[in-house]
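# Reading the structure
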Amino acid sequence: MKSHFADSVREAVRQIPKGETRTYGEVAAAIGRPGAARAVGTVMRDNYDPTVPCHRVVLAGGKLGQYNRGGPEKKRALLRAEGVAV
DNA sequence: ATAATGACGTGAT
DNA sequence: AATCACGCCATTA
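A separate point is the overall build of chain A. Each helix and strand counted, chain A has four helices and two strands in total. The order of helices and strands in chain A, counted from the N terminus, is α-β-α-α-β-α. Against the 2.2 N^0.38 benchmark of 12 Å for 86 residues, chain A shows a C-alpha radius of gyration of 12 Å, consistent with a compact globule. For chain A, the C-alpha atoms occupy an extent of roughly 30 × 20 × 20 Å along the three principal directions. The burial tally for chain A puts 37% of its 86 residues in the buried class. Entry remark: accessible area of chain A is about 5700 Å², with carbon and sulfur atoms responsible for 49%. In chain A, 15 positive and 8 negative side-chain charges are present, and the distance between their average locations comes to 4 Å.

What follows is the structure, encoded as structure tokens:
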């Protein structure tokens with residue numbers, strides 16, 4: 001089910017530069033829905049688009065967060081491979 | 001339209 | 001510092 005919200009989230013996440021991490025709250029605010037961090041997570045969970053670097057989206061506290069592909073371990077590996085200190 | 005769920009966030013214990 | 005509880009928004013049944 002594609003919704004405008006999900007589409008916006010994917011686009012915003014796609015704009016995240018390599019080697020940088022963005023929080024769910026930041027992404028939510030970037031699309032015009034501040035506080036919708038949870039909703040962003042819901043979208044990411046349903047989003048399997050490889051063109052979207054969803055592994056660059058982390059928790060506000062600087063933690064990794066979940067991942068739909070091998071768990072947080074895989075996510076950490078990807079971020080670390082881009083030069084992100086985790 | 002209502003209830004339940006979930007890759008979050010902040011505050012309190 | 002770690003853990004528990006409540007609140008937030010969008011999606012799905």
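Now that the structure has been shown, the text picks up again.
The next point concerns the protein's contact with DNA strand C. Surveying the vicinity of DNA strand C reveals the residues M1, S3, F5, R33, G35, A36, R38, A39, T42 and D46. Considering the 4 Å shell around the protein, atoms of DNA strand C inside it are sugar or phosphate in 74% of instances. Between a base oxygen of DNA strand C and a main-chain N or O atom of A39, the distance comes to 3.5 Å. The side chain of D46 places a nitrogen or oxygen atom 3.1 Å from a phosphate oxygen of DNA strand C. Here the surface near DNA strand C gets four residues from one element, more than from any other, and that element is helix α3 (residues 37-46).

Another point: the nonpolar core. By size, the foremost hydrophobic cluster in this structure holds 16 residues, and its most contacted members are V9, V13, Y24, V27, V40, M44 and V57. Mapped by element, the contributors of at least two residues to this core are α1 (4-14), α2 (24-30) and α3. Sort the elements by how many residues they give to this core and α1 lands first, with four residues.

This part takes up the pattern of salt bridges. Under the counting rule described, the total for this entry stands at one salt bridge. Among the ionic pairs, E82 bridges to R56, the shortest N-O distance being 2.8 Å. Of this pair, E82 sits in the segment after α4 (72-81) while R56 sits in the loop between α3 and β2 (57-58), and the two are 26 residues apart along the sequence. Judged by its relative accessible area of 18%, E82 is buried.

Reading the values: the criteria
- Residues numbered from 1 in each chain as written.
- Chains lettered and ligands numbered in written order.
- Predicted model: local features only at pLDDT ≥ 70, side-chain atom pairs only at ≥ 80, totals over all residues.
- Heavy atoms only, no water.
- Helix = DSSP H or I, 4+ residues; strand = E, 2+ residues; numbered from the N terminus.
- Rg over C-alpha atoms; globule rule 2.2 N^0.38 Å.
- Buried < 20%, exposed > 50% of the residue type's maximum accessible area, 1.4 Å probe, protein only.
- Areas by Shrake-Rupley, 256 points an atom, 1.4 Å probe, with all protein chains shown as cover.
- Lys, Arg positive; Asp, Glu negative; His and termini not counted.
- Charge placed at Lys NZ, Arg CZ, Asp CG, Glu CD.
- Near = heavy atom within 4 Å.
- Polar contact = N/O pair within 3.5 Å; in protein donor to acceptor, adjacent residues only side chain to side chain.
- Core = buried A, V, L, I, M, F, W, Y, C linked by side-chain atoms within 4.5 Å.
- Salt bridge = Lys/Arg side-chain N within 4 Å of Asp/Glu carboxyl O.

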